[in-house]
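Architecture and fold: a report
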Amino acid sequence: MSLTPSALAPTPHIGPSHHLFYASLFRREEWLHRLTRAFEPWVDRTWAEARARLEGSFKRRFARLDGNRLEEMIDDRPVDSFLESLSKDLEAYEHNLFDLIAAHHVRTSPDEDGSSWLRDLEEASMLWGRQLAQECLLAPAADRIAHGGPYGTRTVFGLLESIQSVWLGGNYAWRPILVRRYTREELEFEPRACAHCRPDFVSPRSAELSCRMEALLIRGFARALTPHVDHNRIRGASYCMDRFIINS
Ligand SMILES: [Zn+2]
C-alpha cells in the first residue's frame, strides 16, 4: 500500500445517520430535476438562458451530490460541515428554481389550458413520491427503514418513520417536522421546513408552488406505501399541516 497524501489523511467518521441524510439530499435534487423536465415542454425561448445561468452557478457545488457514496464525495472537511453546506446549497438551488418556474411565462396555444403545466409538475411530484415508496418496499427486510410491527409500512408508525427517513433525512438535521396528532389511524404533523416557513423563499408564489409540489410528493409516497391512506396538506396561519388518515 502506498502512503500517498490521501492514504495518510484521517478517515472522517461517517455514521448511518450521515448516509441517510446524504441520500435524502440526493432524492430531493432528483425531484427538482424531474420537475424541471416536466416544465420544459411549456417554456419559451427565454427559459434556456435563465436555466443555464442557474445551473452554472450551482454546477460546482453539486459535483459533490451525484449519487455516489458519501465516502467518495466528501472533501477534507468534517462530515457534519460537509453535509450542512451541501444541504444549504440545495435549499438555495431549490428556491431559485421555484422562483424561476413561478416567474416564467409559459407558452400555451389557444386550445391549451394555462394550468396544464401545473398538472404536469404535480404528476411528476406524485410519481417521484410513488417511486421512492416502491424502492422502500422492495428493500430487503433487514434494510427496511419502516418496520412498524406486524403490518410493516401499513401503520401510522411505519408511515411516519418512512417519510422521515426517506424524504427528510432522519434525525441527523434538526427535526424537520413537529408531530401534532398520532393515533392508530391518524397522523398530523407540521412540516417545519416547508417553503412557506423558509426565509429564502421571498416570492409567495414560488413558496406556494414548492409547498404544493412537496405535498403531492408526500401524497404519492404515502399512497404507494400505505394502501387506503388519505392525505392533505392544509395551509395554516403559521405552519402548514400534513394530515393522514388510514382507512381500514
Ligand atoms: Zn407550506
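Details of the packing of helix 6 (residues 116-138) against helix 8 (residues 204-225)
Where helix 6 contacts helix 8, the two axes come as close as 7 Å, and the packing angle between them is 40 degrees. For the element pair helix 6 / helix 8, the angle class is oblique. In the packing of helix 6 onto helix 8, the handedness of the crossing is right-handed. Across the contact of helix 6 with helix 8, the residue classes break down as 15 nonpolar, 4 polar and 3 charged.

A closer look at unusual backbone geometry
Even without a glycine there, the phi angle at His 228 is positive, about 65 degrees. Tracing the backbone shows His 228 in the loop between helix 8 and strand 3 (229-235). Exposure remark for His 228: the 11 C-beta atoms within 10 Å place this residue in the exposed category.

Considerations on the pairing of strand 1 (residues 177-182)
Among the 6 residues of strand 1, 0 are classified as buried, and the element is accordingly described as predominantly exposed. As paired strands, strand 1 and strand 2 (residues 186-191) are joined by 5 bridges and run antiparallel to one another. Paired with Val 179 across the bridge in strand 2 is Phe 189. Here strand 1 folds back onto strand 2 in antiparallel fashion, the turn holding 3 residues.

Some thoughts on the packing of helix 2 (residues 16-39) against helix 5 (residues 79-103)
Following both chains from N to C, one finds helix 2 and helix 5 inclined at 15 degrees, their axes separated by 11 Å at the closest point. Relative to helix 5, the element helix 2 lies roughly parallel. Taken as a pair, helix 2 and helix 5 cross one another with a handedness that is left-handed. Residues His 18, Phe 21, Tyr 22, Leu 25, Arg 28, Glu 29, Leu 32, Thr 36 and Phe 39 of helix 2 form the contact with helix 5, whose participating residues are Val 79, Leu 83, Leu 86, Ser 87, Leu 90, Tyr 93, Glu 94, Leu 97 and Ile 101. In terms of residue class, the contact of helix 2 with helix 5 is made up of 12 nonpolar, 3 polar and 3 charged.

Description of the environment of Leu 54
Mapping Leu 54 onto the fold places it in helix 3 (residues 46-58). Leu 54 sits in the partly exposed class, given 16 other C-beta atoms within 10 Å. For Leu 54 and Leu 100, which are 46 residues apart along the polypeptide, the C-alpha to C-alpha distance reads 9.0 Å.

Points about the sheet that holds strand 2
The strand order 1-2-4-3 describes an open sheet built from 4 strands, whose pairing is antiparallel. With partners counted over all chains shown, the strands left at the sheet margins are strand 1 and strand 3, one partner each. Strand after strand, the sheet turns through a mean of 20 degrees between neighbouring axes, direction not considered. The strands touched by helix 7 (residues 156-167) within the sheet are strand 1, strand 2 and strand 4 (240-246), with strand 2 carrying the most contacts at an inclination of about 20 degrees.

Let's talk about helix 3
Look at helix 3: 19 Å from first C-alpha to last across 13 residues, which is about the 18 Å you get at 1.5 Å a residue. Helix 3 sits mainly on the outside: 0 of its 13 residues count as buried.

A short note on helix 8
Helix length check: helix 8 (22 residues) gives 31 Å between terminal C-alpha atoms against 32 Å at 1.5 Å per residue, within 8%. Among the 22 residues of helix 8, 17 are classified as buried, and the element is accordingly described as predominantly covered.

With respect to the confidence of the model for the chain
Here the chain shows a mean pLDDT of 83. Residues at 70 or above account for 83%. Mean pLDDT per element in the chain: helix 1 (residues 5-8) is the minimum at 45, and strand 4 is the maximum at 96. Scored below 50 in pLDDT, residues 1-8 shows 3 contacts in the model against residues more than four places distant or in partner chains. Low confidence marks residues 145-151, where pLDDT is under 50. Its contacts with residues over four positions away, or in another chain, come to 19 contacts.

Conventions we followed
- Residues numbered from 1 in each chain as written.
- Predicted model: local features only at pLDDT ≥ 70, side-chain atom pairs only at ≥ 80, totals over all residues.
- Axes fitted to C-alpha atoms, helices over the stretch in contact; angles between N-to-C directions.
- Helix = DSSP H or I, 4+ residues; strand = E, 2+ residues; numbered from the N terminus.
- Parallel < 35°, antiparallel > 145°, perpendicular 65-115°, else oblique.
- Left-handed = near helix turned anticlockwise from the far one by under 90°.
- Nonpolar A, V, L, I, M, F, W, Y, C, P; charged D, E, K, R; others polar.
- Buried ≥ 20, exposed ≤ 12 C-beta atoms within 10 Å, placed from the backbone.
- Pairing = 2+ DSSP bridges.
- Contact = placed C-beta atoms within 7 Å.
- Expected span 1.5 Å × (residues − 1).
- pLDDT = per-residue confidence, 0-100.

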